[in-house]
Amino acid sequence: MKKKTTLNPELTPETLTGLKTSEPKEVAVGMPAVVSSMKHVFGAMDVGRGVKALLNLNQKDGFDCPSCAWPDPDDERSSFAEYCENGAKAVAEEATTKRLLPDFFAQHSIVELGTWSDYELSQQGRIAQPMHKRKGVDHYEPIAWEDAFALIAKHLNELQSPNEAIFYTSGRTSNEAAFLYQLFVREYGTNNLPDCSNMCHESSGVALIETVGIGKGSVKLEDLYLADLIIIAGQNPGTNHPRMLSALEKAKRNGAKILSVNPLYETGLVAFSNPQTAGGLLGTKTDLSDVFLQVRINGDVPLFKALLKLMHAEEQKNGGVFDWKFIEEKTTGVQDLLIDLEKHTLQQLAEDCGLTVSQLREAAELIINSKKIVACWAMGLTQHKNAVDNIREVVNLLLLKGSIGKPGAGTCPVRGHSNVQGDRTMGIWEMPPKSFLDSLEKQFGFQPPRHHGYNTVEAIKAMYERKASVFFAMGGNFLSATPDTVYTAQALRNCSLTAHVSTKLNRSHLVTGEEALILPCLGRTDLDIQHGEAQFVSVENSMGVVHQSKGKLKPISEFLLSEPDIVRRLANAVLEYKSVIDWDKYVAHYDNIRAIIEQTIPGFENYNERVRKPGGFYLPNGAREGDFKTNTGKAAFSVNQYLPLKLAEEEYLMMTIRSHDQFNTTIYGLDDRYRGIYNERRVVLMNEQDISKRGWKGGEKVDLFNYFGGIERTAPQFIIVPYSIPERCVATYFPETNTLVPIDSFAERSMTPTSKTVIIQIKPVI
Ligand SMILES: Nc1nc2c(c(=O)[nH]1)N[C@H]1C(S)=C(S)[C@@H](COP(=O)(O)OP(=O)(O)OC[C@H]3O[C@@H](n4cnc5c(=O)[nH]c(N)nc54)[C@H](O)[C@@H]3O)O[C@H]1N2
Ligand SMILES: Nc1nc2c(c(=O)[nH]1)N[C@H]1C(S)=C(S)[C@@H](COP(=O)(O)OP(=O)(O)OC[C@H]3O[C@@H](n4cnc5c(=O)[nH]c(N)nc54)[C@H](O)[C@@H]3O)O[C@H]1N2
Ligand SMILES: [Mo]
């Protein structure tokens, strides 16, 4: 592979790897997925370790899959294969026996590693020892753990204010580690706890708290099996939540219909062959979507408004569409919504979402004829300027049908990282509720800071403006996951110290403050022994089930520490005698951490006992019971306006999406099998008419630009791939095009970067 020559380690190399294409696949999973998972697992470790890893994945006494947050079935769990292709790849990535030892870092300078692709970086194996980059030096060198913690303590204790430090969290951190981490950060004195949620489902949280009184989804897995209709908007389950397909298959068998809303005909929304059944392996398929609306990017508000309008028209004509009993007893604001619908014409709404009125009627028909509706969504709805409105429109639809708080119906924001929801429950939040801080104060006897901290976008700006200068990350790949890569890189370079608790090497280790640390930790699959006893941790899945996860594999190095132990040592080094908390006691046995979580956070009664029950326990969820804990005690309809995006002649609307061979910024391979794109990530999927209008052809090489706020942002060297996508819409992979997502373009109120609405220009490579 040819290396790039520029010395910008923040940018992914522009090198093209040799695109091959085929027709997109028509059926998801089946035998090819099984073959692919085996290839990844047995390519990364010996057969014994691989078999052990897969046999323990998502079993009741095994470990939780480190990939997505889709729940495990409560009862009938497949005894050998309760995982998916992409879960197996995530395990292969973590459980690999390849190790990164200090001589690797001696051989390769930081600048040189910056010229490697993300794929090459993650192929290097698990980081095996704490590493330190001294000021002015371009190599990482080994450092003893005690020295690393002393260094962090020195930097943190030199700050004028604790608010000059930032403590990021990715979503894999267990409940136990997350609780201790936020406790340390708050005793140190700040709420600067940005997390990956800020870039992910924050918009869902904001919209749901306000409308139904809880920032989480309301459904259980069984609700999908009981639903009349499942709406899947802005989500690609075949790639990102493959085990959801088994649930959809079962729902279909029970008679449910599926309505998909997506600018792309994603294979996993079209048809599915279940690899856990003999028939599925041989290719028997279940057709999934009954109606597929190929919406224009960011066309969801007009689309949902049109559906609401059609429902209303039918209600007025023949009745029986709305659940008036529910609306009258349980909600507020329906009249305002219905009045607002009168202001829009169906024709205009159809035009603004890029569909025909007859397509919309077909979809409305499904909704009108259903009594129990589950609405699922993910990043396609949450990463836009009006993302909160997108989700409020979905809630409007469910409320009109009385489809929240009864079996077979409700909200289902499908979470990303395997414990992102649990981390929030544990207090990883820059805006903690007063009740949470009061509870910390009562339990521990210190005064937690009360003012809000920085979210992800604010944290980047604070570092850029030198209002913050120490950056600590519990997991993740902050540089590559965040928007405006060049700006963010400068923000990180402005720091005096950047420190990452990590399992694998990534680009955030290569764009550093004056000094930098890599602190290697145990992952989900690793055996975690404290004081001679094997520990387990716990996580909360997308449906609010808290359950245990117990690593089984021998760690690849004696130097790895568990995340709770890293927090313990960090707290002891930074706070010393000033701390009122007995950190050693908690980490000596994780039952002690769970005992104090139980006393601090509602819903965790008998935590240690209940988490040991196979399958765990459900957290309380008002919306699920039809008890809406909003200001009024009722669920709230909302009126949402939208401004159709006006694109200039040469502009296109870009969404940044995931390929089939990646987990966020970790690149497992270069193929996107379902979309028929192989061996290349620098592609831009474009409508054929748009391509020919410009006189271009598939295969043409182009550079991409964004000019938000008068600044030129570039992503050079992409190949045009003709694809079925609405006109003026294009798609590229994240994180290669994060350079184009402006730091100042984020969702109203949730401040989630608008990674799915990026206005770009496309110019042929000169
Ligand atoms: N294998 C694997 N699993 C993962 C991840 C991974 O990277 N790899 N990531 C995890 C994480 S953190 C998350 S948050 C989830 C992400 O899961 P998804 O949200 O499914 O991931 P994206 O690839 O961002 O896909 C968004 C989908 O929304 C569609 N879309 C884009 N814009 C719009 C729009 O304006 N309207 C509508 N209706 N649709 C739109 C895209 O076509 C795409 O199908 O997956 C989790 N699981
Ligand atoms: N343009 C664009 N940007 C996006 C998105 C998008 O759709 N488009 N999606 C956004 C979303 S939804 C999310 S959630 C964020 C993701 O943002 P992050 O969570 O910050 O990113 P990841 O790529 O998941 O982080 C991968 C790194 O985590 C570390 N890691 C893995 N397992 C563990 C572990 O068990 N412990 C520790 N300590 N470290 C571990 C490894 O070193 C690995 O390199 O990205 C966001 N960015
Ligand atoms: Mo996410």
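Refer to the structure above for everything that follows.
These numbers come from a predicted model, not from an experiment.

**A look at the sheet that holds strand β11 (residues 286-287)**
Turning to step 1, where the next piece is worked out: In space, the three strands of this open sheet follow the order β2-β10-β11, with mixed pairing throughout. Since the sheet does not close on itself, it has two edges, and those belong to β2 (28-29) and β11, each with one partner.

**A closer look at the nonpolar core**
Turning to step 1, where the next piece is worked out: In terms of nonpolar packing, the biggest core is built from 60 residues, with L156, F167, F179 and F184 touching the most fellow members.
Turning to step 2, where the next piece is worked out: It is helix α8 (residues 175-188) that contributes the most residues to this core, eight residues altogether.
Turning to step 3, where the next piece is worked out: Those residues within four positions of F167 in sequence are excluded, and the remaining contacts are L156, Y181, F184, V185, Y188, T190, N192, L193, P194 and F472.
Turning to step 4, where the next piece is worked out: Core analysis: the next-biggest nonpolar cluster, separate from the first, contains 59 residues, A233, F322, V395 and L399 among them.

**Looking at the sheet that holds strand β15 (residues 410-413)**
Turning to step 1, where the next piece is worked out: Read from one edge to the other, the open sheet built from five strands follows the order β12-β9-β8-β14-β15, with strand pairing classed as parallel. The two strands at the open ends of the sheet, each matched to only one other strand, are β12 (291-293) and β15. Each strand of the sheet is rotated relative to its neighbour by a mean of 15°, with strand direction disregarded.
Turning to step 2, where the next piece is worked out: Alignment of strand β8 (residues 229-233) against strand β9 (residues 257-261), held across five bridges, turns out to be parallel. Within β9, the position partnered with A233 by the bridge is V261.
Turning to step 3, where the next piece is worked out: Helix-sheet contacts for helix α21 (residues 387-400) involve β8, β14 (373-377) and β15, and the interaxial angle to β14 is about 170°.

**Quick look at the pairing of strand β7 (residues 165-169)**
Turning to step 1, where the next piece is worked out: Burial analysis of β7 places five of its five residues in the buried class, which makes it a mostly covered element.
Turning to step 2, where the next piece is worked out: Both faces of β7 are covered, namely the face carrying A165, F167 and T169 and the face carrying I166 and Y168.
Turning to step 3, where the next piece is worked out: For β7 and strand β16 (residues 470-474), the ladder comprises five bridges, and the chain directions are parallel. In the strand pairing of β16, Y168 is matched with A473.

**Side note on unusual backbone geometry**
Turning to step 1, where the next piece is worked out: Going from F734 to P735, the amide bond is cis rather than trans, its omega being 5°.
Turning to step 2, where the next piece is worked out: Note that P735 resides in the loop between β32 (729-733) and β33 (758-764).
Turning to step 3, where the next piece is worked out: Notably, N298 is not glycine yet its phi reads approximately 65°, a positive angle.
Turning to step 4, where the next piece is worked out: Among the secondary structure elements, N298 is positioned in the loop between β12 and α15 (300-318).
Turning to step 5, where the next piece is worked out: Its relative accessible area of 16% is what places N298 among the buried residues.
Turning to step 6, where the next piece is worked out: Backbone geometry at N679 places phi at a positive 60°, although glycine is not the residue there.
Turning to step 7, where the next piece is worked out: Tracing the sequence through the fold places N679 in the loop between β28 (677-678) and β29 (683-686).
Turning to step 8, where the next piece is worked out: Its relative accessible area of 24% is what places N679 among the partly exposed residues.

About the thresholds
- Residues numbered from 1 in each chain as written.
- Chains lettered and ligands numbered in written order.
- Predicted model: local features only at pLDDT ≥ 70, side-chain atom pairs only at ≥ 80, totals over all residues.
- Heavy atoms only, no water.
- Pairing = 2+ DSSP bridges.
- Helix = DSSP H or I, 4+ residues; strand = E, 2+ residues; numbered from the N terminus.
- Core = buried A, V, L, I, M, F, W, Y, C linked by side-chain atoms within 4.5 Å.
- Buried < 20%, exposed > 50% of the residue type's maximum accessible area, 1.4 Å probe, protein only.
- Contact = heavy atoms within 4.5 Å.
- Axes fitted to C-alpha atoms, helices over the stretch in contact; angles between N-to-C directions.

What is shown is where atoms sit, not what they do.
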